[in-house]
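# Reading the structure
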Amino acid sequence: MNLYLRYFDKEILVDNVDDAISFLYGIGEIEMNPVLENDIRNYVDSDVYYPKRYKVRPRVYFIIIKTEAATMQDFKEKRALHSGPTNTDRTVSPMIAQLNEENYGWYEGVLDFKRVLQIPTTGKFQYKDTHFVARCKAHSGLDCYNRIVEYLRERVDARSQFPSVKGKNYRFSFLGTCKE
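For the structure given in this document, a descriptive report is provided here.

Cut-offs used in this document
Residues numbered from 1 in each chain as written. Predicted model: local features only at pLDDT ≥ 70, side-chain atom pairs only at ≥ 80, totals over all residues. Heavy atoms only, no water. Pairing = 2+ DSSP bridges. Helix = DSSP H or I, 4+ residues; strand = E, 2+ residues; numbered from the N terminus. Axes fitted to C-alpha atoms, helices over the stretch in contact; angles between N-to-C directions. Contact = heavy atoms within 4.5 Å. Core = buried A, V, L, I, M, F, W, Y, C linked by side-chain atoms within 4.5 Å. Buried < 20%, exposed > 50% of the residue type's maximum accessible area, 1.4 Å probe, protein only.

### What about the sheet that holds strand S5 (residues 105–118)?
The three strands lie next to each other as S6-S5-S7, forming an open sheet whose pairing is antiparallel. Two strands bound the open sheet, and with one partner strand each, they are strand S6 (125–138) and strand S7 (170–176). Neighbour-to-neighbour, the strand axes of this sheet turn through a mean angle of 25°, independent of strand direction. Bridging between S5 and S6 involves 14 bridges; their strand directions are antiparallel. Within the sheet, the bridge partner assigned to Tyr107 lies in S6 and is Cys136. Strands in contact with helix H5 (residues 141–153) are S5, S6 and S7; relative to S6, the strand with the most contacts, it is inclined by about 130°.

Here it is, written out as structure tokens:
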């Protein structure tokens, strides 16, 4: 892995952290010190691939980018971008797996959403946090969520805002199986 460093019009592509630090020491405006040097070494050793910027003075920074590019031209033409984990490397989180788990029966779904209500005295509208609990027959936690939201959409103002099924404002529990 290589490192791209830039400070205004000064830029360099190096293959190790020592060359990067030497480059920064060569720029008089950047006050290198052991703390900054140690932080740069930690960033390079970490698994983090997003660019890192360091403040030189108010609104003035230098940037370090980890790259697979072998030459400056490859980097400029974005030929060697770091790709994130592939789909085979990703694991499904336990919460998502539980949401999609097929198990026909009774579910209790708890939904906290923003409901639009009219203020009678002024005639204006406001969002009000609303807690809604329902029990329904469903095939999965996701199916339970969809049934609750479908039910609510028919009965509340269309401007009401429902949370994501993956968020903290939706919870469900499986109560037991039922006959079809």
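### Regarding the nonpolar core
In this structure, Leu5, Leu24, Ile40, Phe62 and Ile64 are the most contacted members of the largest nonpolar core, which totals 20 residues. Mapped by element, the contributors of at least two residues to this core are strand S1 (2–7), helix H1 (17–25), helix H2 (34–45) and strand S4 (60–67). In terms of residue count, the dominant contributor to this core is H1 (five residues). Beyond its immediate chain neighbours, meaning those up to four positions away, Leu5 contacts Lys10, Glu11, Ile12, Val14, Ala20, Phe23, Leu24, Ile63 and Ile64. Among the nonpolar cores identified, the runner-up in size contains 16 residues, and Tyr107, Phe113, Ala134 and Cys144 belong to it.

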